[in-house]
Number of protein chains: 4
Amino acid sequence: MGGFLILNEYEQDTVGIVARLSECIASRGGNIHSVDVFVPDDKPVFYSRSEFTYNPMLWPRDVLRTDFLNLSQHFSAQRSTVRVPDLDPKYKISVLASKQDHCLFDLLYRWQEGRLPVDINCVISNHDRLKDNHVRRFLERHGIPYHYLPTSPGNKREQEILELVQGTDFVVLARYMQILSEGFLKAYGKDIINIHHGLLPSFKGGNPSRQAFNAGVKLIGATSHFVTPELDAGPIIEQMVERVSHRDTLQSFVVKSENLEKQCLAEAIKSYCELRVLPYELKKTVVF
Amino acid sequence: MGGFLILNEYEQDTVGIVARLSECIASRGGNIHSVDVFVPDDKPVFYSRSEFTYNPMLWPRDVLRTDFLNLSQHFSAQRSTVRVPDLDPKYKISVLASKQDHCLFDLLYRWQEGRLPVDINCVISNHDRLKDNHVRRFLERHGIPYHYLPTSPGNKREQEILELVQGTDFVVLARYMQILSEGFLKAYGKDIINIHHGLLPSFKGGNPSRQAFNAGVKLIGATSHFVTPELDAGPIIEQMVERVSHRDTLQSFVVKSENLEKQCLAEAIKSYCELRVLPYELKKTVVF
Amino acid sequence: MGGFLILNEYEQDTVGIVARLSECIASRGGNIHSVDVFVPDDKPVFYSRSEFTYNPMLWPRDVLRTDFLNLSQHFSAQRSTVRVPDLDPKYKISVLASKQDHCLFDLLYRWQEGRLPVDINCVISNHDRLKDNHVRRFLERHGIPYHYLPTSPGNKREQEILELVQGTDFVVLARYMQILSEGFLKAYGKDIINIHHGLLPSFKGGNPSRQAFNAGVKLIGATSHFVTPELDAGPIIEQMVERVSHRDTLQSFVVKSENLEKQCLAEAIKSYCELRVLPYELKKTVVF
Amino acid sequence: MGGFLILNEYEQDTVGIVARLSECIASRGGNIHSVDVFVPDDKPVFYSRSEFTYNPMLWPRDVLRTDFLNLSQHFSAQRSTVRVPDLDPKYKISVLASKQDHCLFDLLYRWQEGRLPVDINCVISNHDRLKDNHVRRFLERHGIPYHYLPTSPGNKREQEILELVQGTDFVVLARYMQILSEGFLKAYGKDIINIHHGLLPSFKGGNPSRQAFNAGVKLIGATSHFVTPELDAGPIIEQMVERVSHRDTLQSFVVKSENLEKQCLAEAIKSYCELRVLPYELKKTVVF
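The structure displayed is predicted, hence computed values, not measured ones. (Residues numbered from 1 in each chain as written. Chains lettered and ligands numbered in written order. Predicted model: local features only at pLDDT ≥ 70, side-chain atom pairs only at ≥ 80, totals over all residues. Heavy atoms only, no water.)

**Considering the relation of the copies chain B and chain C**
Here is the rule we go by: Here the copies are superposed with least squares, the fitted atoms being C-alpha atoms of residues at a pLDDT of at least 70 in both. By the convention used here, residues are in contact when the closest approach between their heavy atoms is within 4.5 Å.
For these two chains of identical sequence, chain B goes onto chain C by a turn of 180° and a shift of 0.0 Å along the axis, with RMSD 0.0 Å. Such values leave the two copies arranged in the relation of a two-fold axis. The C-alpha atom lying nearest the rotation axis in chain B is that of valine 35 of chain B; the distance is 2.4 Å. Same-surface contact between copies: 100% of interface residues of chain B are shared with the interface of chain C.

Below, the structure written as structure tokens:
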């Protein structure tokens with residue numbers, strides 16, 4: 001049985017964290033496969049991720065939880081998460097989309113193939129394109145609820161969305177073209193992962209493909225990042241690029257970008273579920 | 001013997017350009033290896049580049065020039081250039097650099113290896129770091145004049161630079177950390193290729209590596225582009241990227257960036273000399 | 001309206017081919033967008049591909065065909081093909097698959113999205129895995145016939161396959177794990193495109209992922225190529241790679257490889273349909 | 001002060017290795033930055049690499065050595081190495097080259113830039129091309145001895161080479177076109193890193209660029225690997241590729257390959273010096 005543990009420390013004196021942690025695992029008969037520690041040059045902050053295997057008969061899940069909780073408290077960790085993928089429930093997510101459904105369908109397809117370790121609570125869209133296409137059929141076949149919540153300038157349906165996403169572990173914006181308010185972010189209180197179809201911090205806001213096209217770039221990109229109140233400025237998780245030339249039209253920019261968006265979003269979700277991603281400072285992430 | 005021809009048309013009716021051009025080449029016993037034509041979707045503009053081989057005994061260089069000049073006038077081409085690398089003098093360039101000499105030395109090394117088809121008129125620097133290092137020794141050994149022109153807020157030495165670069169075919173800014181004035185650009189009147197150590201249009205201006213570092217990007221890049229009066233906003237010729245992670249420091253951002261800058265600048269110069277690069281609209285380039 | 005023309009010459013004297021060709025197009029009021037010519041250094045062989053636009057009112061399709069046929073005969077071209085994607089019927093293909101259906105489903109999905117310009121005549125499999133999965137549902141929904149033809153050592157069902165693929169323009173082996181006999185290849189007589197899950201010429205034959213795993217490579221690859229009687233030795237069309245490390249298991253080699261196979265096969269089919277691919281010598285391809 | 005420790009275990013019971021190791025480091029006031037452990041699925045073998053920082057006043061170098069030696073013996077490690085780059089002497093290497101000097105010069109240039117943490121004991125060549133070129137001047141300027149040892153079918157000068165490389169930590173073959181005998185390998189007894197200009201296991205032996213050219217590949221590559229008695233079959237450390245097309249000639253295959261070889265060899269040497277590379281099974285490497 002394998003597990004992941006992530007710790008986020010704000011103690012000055014980090015001597016001995018890895019020792020205590022591995023001692024704890026060893027004392028339960030477990031084996032560490034990797035420990036990754038990140039200590040920025042300029043700050044007494046400590047981030048770590050461990051991967052280990054153990055025998056669940058010898059180390060029951062709740063004892064494991066208590067052990068790590070004690071460790072975490074001992075080191076005054078601000079945040080500590082442990083997951084045992086084979087024992088713990090999968091992360092539950094909601095996916096929000098708008099008109100473009102390539103990212104949504106890609107997630108669904110990867111999920112079906114068993115490559116995204118999540119349970120999908122529901123799909124929400126503010127656009128009725130899904131009403132009768134292959135995405136909708138897919139959702140029905142797999143019993144995933146679908147909610148059509150059209151927005152208007154005065155009503156972003158945030159209260160209803162909030163109710164629908166209650167109980168999820170995180171939310172994924174798979175090309176949801178509405179800006180979620182600061183109030184929503186606070187009320188939800190958990191992580192929201194967005195895919196932006198531009199190479200941030202270039203091309204924030206609307207129509208990044210057109211912005212890139214007009215700027216005459218030779219590389220286009222996609223960026224997955226955490227949502228923060230400032231538009232398209234949250235900590236970046238993953239970025240990917242593809243080459244474009246003068247032959248590319250705005251249309252082919254869009255096609256190439258969509259391909260990047262799918263990969264970039266899936267990679268971010270997968271890394272997040274494996275406890276590889278930690279926000280770091282205001283704008284950064286550690287991606288172990 | 002092989003040649004390149006580039007044409008830049010502004011005629012509406014482009015029917016027959018390729019036919020006339022290839023007929024002309026065939027009538028002199030030449031062979032066309034490729035013709036690349038670019039006509040934007042939304043404008044009656046015509047760009048073309050041809051590669052051909054021919055026997056210089058049967059088609060003397062001056063007749064060739066006249067033939068293509070006639071063609072160009074027939075189609076009212078705004079710009080037309082023909083080069084026969086084995087017969088024509090190499091493009092003559094001046095290289096301007098500042099403190100960081102990695103791009104400069106890389107150019108010199110490629111030049112020595114015969115991989116950059118240019119003659120280097122002189123090297124100009126506003127920083128005395130070259131005074132006694134391996135770049136200087138290289139320049140001396142190869143008889144390339146070196147000019148140290150320190151700038152001050154009130155004196156950018158542009159008049160002296162202008163005199164030194166007279167007679168060159170284009171100028172290369174190999175990490176020259178001074179902004180050339182609009183007056184200088186007009187007075188020189190030919191193309192200037194710059195390397196910017198950021199993925200434009202992100203991170204214009206000073207210290208792009210630090211800007212990128214602070215923005216938490218996962219990919220850093222370099223951009224070679226034509227210089228225009230607006231800082232770091234000229235038409236982009238080439239862009240390259242490399243992956244960075246939370247482990248990267250500002251210092252390793254710089255090291256990785258330098259590696260990209262060298263490749264990106266050399267590629268732009270090489271393409272330019274092979275008549276592959278044409279500015280297109282205000283911000284774009286055709287790179288055949 | 002746009003068209004593609006491909007010519008494959010074996011005449012020694014190639015002077016004037018491009019001229020005649022572009023003259024022909026211009027005389028009908030057409031515009032050439034690109035002409036790509038390839039003449040190997042060491043042989044008097046001539047390959048060319050042209051892209052052009054024209055007005056079908058002024059140049060009827062059958063006249064266009066005759067014009068190019070005349071041209072082709074004038075130059076004694078061995079092979080000459082012209083396509084006008086918006087007028088001509090799509091290429092008709094049959095797809096053969098075995099147990100692994102990732103390439104097959106990827107093709108179907110791209111086809112549905114309108115990104116593979118083909119009509120799928122039928123899908124043939126020697127494995128009954130498709131009997132009741134999402135691929136089968138997809139085929140039914142779109143009315144694509146599915147044939148289950150299990151093979152045995154003594155009976156490769158080639159006669160039945162031959163009948164099913166009659167009338168197609170080319171055949172795609174989307175991880176079909178049977179070797180087609182030389183007799184079959186001759187009887188079919190047209191191109192067959194295969195995807196091999198190894199970086200040919202390494203790892204021919206069975207289980208290339210395991211071969212690569214055992215060889216300790218740091219890059220795995222996929223190769224799309226034309227089928228010839230010699231196993232996995234036909235002219236290569238496209239190759240792609242991905243990085244692997246000591247952490248990768250045989251299982252993750254397979255997952256990474258599958259991702260490459262899908263892209264590599266789709267790219268080959270798309271290029272083939274756009275008349276970009278020509279076999280060249282015994283083992284090579286020109287891919288314009 | 002930072003250090004690296006690498007351990008290679010053959011004990012069945014690995015429980016507690018990371019705990020003991022990190023406890024040891026913590027007890028001396030050190031901090032672990034990363035521990036990477038690799039345990040193959042199918043064998044009770046244990047490989048680990050740790051990076052840590054410590055105060056050399058509190059943990060003298062010889063105590064550190066003894067501490068880790070004890071640890072290593074406690075776990076019956078087959079191989080254990082610890083390095084403190086700022087305190088320990090640099091790895092001493094000899095470089096062997098033949099006619100092509102691009103890899104050799106690239107190593108020398110990186111070494112001069114401080115990017116290869118080695119001392120170069122001497123350069124040996126069986127070809128006199130270096131006699132009077134820029135490599136030779138470089139060697140003289142930096143006081144690196146150069147030995148010209150021309151080989152003949154009957155005399156590979158291995159005895160003289162052996163004497164010259166005595167005292168080095170490892171040997172680098174920077175395109176040395178002679179096969180070192182099994183006797184030589186045994187007599188030297190340490191690691192030898194070779195660069196092969198093909199994507200192994202394709203294209204072993206002579207002229208891999210020509211082999212690749214004739215095979216019609218669309219990607220060419222380079223491979224750095226450990227030398228074993230079997231030609232070009234030792235454990236692979238690093239591989240890199242670049243795209244080629246029908247336009248590429250044998251000559252341009254060579255130019256592109258040379259660029260890959262330089263990067264691939266430098267990367268292997270750098271990783272080796274940072275204790276990231278461990279041979280693993282007969283044909284594989286762990287590259288942490």
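**Side note on the nonpolar core**
For soluble globular proteins, the rule of thumb is that nonpolar side chains tend to be buried together. As a reminder of what qualifies: Buried Ala, Val, Leu, Ile, Met, Phe, Trp, Tyr and Cys residues that are joined via side-chain atoms within 4.5 Å together make up what is termed a nonpolar core. Relative accessibility thresholds used throughout: buried, under 20% of the residue-type maximum; exposed, over 50%; partly exposed, between the two (1.4 Å probe, protein chains only). Note that domain bounds follow an automatic or database assignment of domains.
Among the nonpolar cores identified, the biggest contains 57 residues, and Val118, Val123, Phe170, Leu265 and Ile269 of chain B are the most heavily contacted of them. Composition of this core by domain shows at least three residues from each of domain 1 (2-83) and domain 2 (91-287) of chain B. If sequence neighbours within four positions are ignored, leucine 265 of chain B has contacts with Cys103, Leu107, Val172, Leu173, Ala174, Ile193, Ile195 and Ser224 of chain B. Counting residues in each nonpolar core, the second largest holds 56 residues, with Ile120, Val135, Ala212 and Phe226 of chain D among its members.

**Description of the interface of chain B and chain C**
Cut-off, in case you're wondering: Using a 1.4 Å probe, buried area is obtained as the accessible area two parts lose upon being combined, added over both of them. Any Lys or Arg side-chain nitrogen found within 4 Å of a carboxyl oxygen on Asp or Glu counts as a salt bridge. Think of a polar contact as two N or O atoms within 3.5 Å of one another; within protein, one of them needs to be a possible hydrogen donor and the other a possible acceptor, and neighboring residues in sequence only count if both atoms come from side chains. Think of it this way: any DSSP run of H or I at least four residues long counts as a helix, any run of E at least two long counts as a strand, and we number them from the N terminus.
Tallying the contact residues gives 17 residues for chain B and 17 residues for chain C. At the boundary of chain B with chain C, total buried surface from both sides reaches about 1,300 Å², with 57% on carbon and sulfur atoms. Joining chain B to chain C, the criterion identifies 0 salt bridges. The interface formed by chain B and chain C contains 4 residue pairs in polar contact (both at pLDDT 80 or more). Put simply, the parts of the chain that give the side of chain B that touches chain C at least two residues each are helix H1 (17-27) and strand E2 (31-38) of chain B.

**Observations regarding the environment of glycine 216 of chain C**
By the secondary structure assignment, glycine 216 of chain C is in the loop between helix H7 (208-215) and strand E10 (219-226). Taking the C-alpha atoms as reference points, glycine 216 of chain C and serine 245 of chain C, 29 residues apart in sequence, are found 8.6 Å from one another. Among all residues touching glycine 216 of chain C, those that are not within four sequence positions of it are Ile236, Lys283 and Lys284 of chain D.

**Topic: the side chain of arginine 49 of chain D**
Residues and elements named next belong to chain D. Here arginine 49 shows up in strand E3 (residues 46-53). Reaching out from arginine 49, the side chain makes a polar contact with the backbone oxygen of leucine 275 at a distance of 3.2 Å. Leaving out residues up to four positions away in the same chain, arginine 49 has contacts with Phe4, Leu5, Ile6, Ser34, Val35, Asp36, Glu274, Leu275, Arg276 and Phe288.

**Quick look at the domain arrangement of chain A**
All names here are of chain A. This is how it is decided: Think of it as three bins: nonpolar holds Ala, Val, Leu, Ile, Met, Phe, Trp, Tyr, Cys and Pro, charged holds Asp, Glu, Lys and Arg, and polar takes everything else, Gly as well.
Domain parsing of chain A yields domain 1 (2-83) and domain 2 (91-287). Centre-to-centre separation of domain 1 and domain 2, based on C-alpha positions: 31 Å. Between domain 1 and domain 2, the contact holds 15 residues from the first and 13 residues from the second. Across the domain 1/domain 2 interface, buried area totals approximately 1,200 Å², and carbon plus sulfur atoms make up 59% of it. Joining domain 1 to domain 2, the criterion identifies 1 salt bridge. The closest approach of N and O atoms between glutamate 51 and arginine 276, which form a salt bridge, is 3.9 Å. The tally of links between domain 1 and domain 2 comes to 2 residue pairs in polar contact (both at pLDDT 80 or more). Elements with a contribution of two residues or more to the side of domain 1 that touches domain 2: strand E1 (2-9), strand E3 (46-53) and strand E4 (77-83). Its residues assigned to classes, the side of domain 1 that touches domain 2 comprises 8 nonpolar, 2 polar and 5 charged.

**Comments concerning the relation of the copies chain B and chain A**
When chain B is fitted to chain A, the residual RMSD is 0.0 Å, and the transformation amounts to a turn of 180° plus an axial shift of 0.0 Å. Interface overlap between copies: 100% of the residues of chain B at the interface are likewise at the interface in chain A, consistent with a symmetric, same-surface contact.

**A few points about the pairing of strand E2 (residues 31-38) of chain A**
Put simply, the test is: Pairing between strands is defined by DSSP: at least two bridges between the two strands are required.
Alignment of E2 of chain A against E3 of chain A, held across 7 bridges, turns out to be antiparallel. If you follow aspartate 36 of chain A over to E3 of chain A, its bridge partner there is arginine 49 of chain A. Judged from the 3 bridges that link them, E2 of chain A and strand E2 (residues 31-38) of chain D form a sheet pairing that is antiparallel. Looking across to E2 of chain D, one finds that valine 35 of chain A is bridged to valine 35 of chain D.

**What about the state of the cysteines?**
Note: disulfide means a covalent bond formed between the sulfur atoms of two cysteine side chains. Using the following cut-off: In what follows, a disulfide is any cysteine sulfur pair within 2.5 Å.
Across all of its chains, the model carries 0 disulfides over all chains by this definition. Of all cysteine sulfurs in the structure, the one in cysteine 264 of chain C sits closest to cysteine 273 of chain C, which takes part in no disulfide; the separation is 15 Å.

**Re the interface of chain B and chain A**
Interfaces are often described in size by the accessible area the parts lose on coming together. Of the residues lining the interface, 32 residues belong to chain B; the matching set on chain A comes to 32 residues. The contact between chain B and chain A buries some 2,600 Å² in all, and 54% of this surface belongs to carbon and sulfur atoms. Its salt-bridge partner being arginine 243 of chain B, residue glutamate 238 of chain A comes within 2.8 Å of it at the nearest N-O pair. Applying the counting rule to chain B against chain A returns 19 residue pairs in polar contact (both at pLDDT 80 or more). Secondary-structure elements contributing two or more residues to the side of chain B that touches chain A are E2, helix H7 (208-215), strand E11 (236-243) and strand E13 (284-287) of chain B. With 7 residues, E11 of chain B is the single largest residue contributor to the side of chain B that touches chain A. A class-by-class count of the residues in the side of chain B that touches chain A yields 17 nonpolar, 7 polar and 8 charged.

**Notes on the sheet that holds strand E5 (residues 91-97) of chain D**
Residues and elements named next belong to chain D. Just so we agree on the cut-off: With axes taken as lines fitted to C-alpha atoms, and helix axes fitted only over the stretch in contact, angles between N-to-C directions fall between 0 and 180 degrees.
Pairing is mixed across the open sheet formed by 7 strands, whose spatial order is E7-E6-E5-E8-E9-E10-E11. A strand with exactly one partner marks an edge of an open sheet, and here the two such strands are strand E7 (146-148) and strand E11 (236-243). Strand-to-strand twist across the sheet, computed as the mean angle between neighbouring axes with direction ignored, equals 20°. In the sheet, strand E10 (residues 219-226) pairs with E11 via 7 bridges, with the strands oriented antiparallel. Bridged to serine 224 within E11 is glutamate 238. With respect to the sheet, helix H8 (residues 250-273) is in contact with E5, strand E6 (118-125), strand E8 (170-173), strand E9 (192-196), E10 and E11, its orientation differing from that of E10 by roughly 30°.

**Re the packing of H1 of chain B against helix H2 (residues 61-74) of chain B**
Residues and elements named next belong to chain B. For clarity, the threshold we go by: Any angle from 65 to 115 degrees is called roughly perpendicular, while one under 35 is roughly parallel, one over 145 is roughly antiparallel, and all others are oblique. We call a crossing left-handed when the near helix sits turned anticlockwise from the far one by less than a right angle, and right-handed when that turn is clockwise.
Between H1 and H2, the shortest axis-to-axis distance is 11 Å and the interhelical angle comes to 165°. If you check the angle between H1 and H2, you find them roughly antiparallel. Both H1 and H2 take part in a crossing whose hand is right-handed. On H2, the residues that touch Arg20, Leu21, Cys24 and Ile25 of H1 are Asp67, Phe68, Leu71 and His74. Residue classes in the contact of H1 with H2 are distributed as 5 nonpolar, 1 polar and 2 charged.

**A short note on the sheet that holds E11 of chain B**
Residue and element names in this part refer to chain B. Read from one edge of the open sheet, 7 strands run E7-E6-E5-E8-E9-E10-E11, paired in mixed fashion. In the strand order of this sheet, the two ends are held by strand E7 (146-148) and E11, each with one partner. Looking at each pair of strands side by side, their axes are set apart by 20° on average, direction ignored. Bridge count for strand E8 (residues 170-173) against strand E9 (residues 192-196) is 3 bridges, and the pairing is parallel. Counted as the bridge partner of valine 171 is isoleucine 192 from E9.

**Remarks on helix H2 (residues 61-74) of chain C**
Residue and element names in this part refer to chain C. To keep things clear, this is the line we draw: Residue count minus one, scaled by 1.5 Å, sets the expected span of a helix. The directions from the helix axis to the C-beta atoms are what the arc is built from.
The end-to-end C-alpha separation of H2 is 20 Å, in line with the 20 Å expected for 14 residues at 1.5 Å each. Within H2 the residues assigned to the buried category are Arg61, Leu64, Asp67, Phe68, Leu71 and Ser72. Taken down its axis, H2 places every buried residue within 130° of arc, on the same side. Just past H2, the residue serine 76 takes up positive phi, approximately 50°.

**Concerning unusual backbone geometry**
In this structure, the amide linkage connecting leucine 200 of chain A to the following residue, proline 201 of chain A, adopts the cis form with an omega of 5°. Mapped onto the elements of the fold, proline 201 of chain A is located in the loop between strand E9 (192-196) and helix H7 (208-215). In the Ramachandran plot, arginine 157 of chain B falls in the positive-phi region, its phi being about 60° despite a non-glycine side chain. On the secondary structure map, arginine 157 of chain B appears in the loop between E7 and helix H5 (158-165). A positive phi angle, near 55°, is found at aspartate 232 of chain B, a position not held by glycine. In this structure, aspartate 232 of chain B sits in the loop between strand E10 (219-226) and E11.

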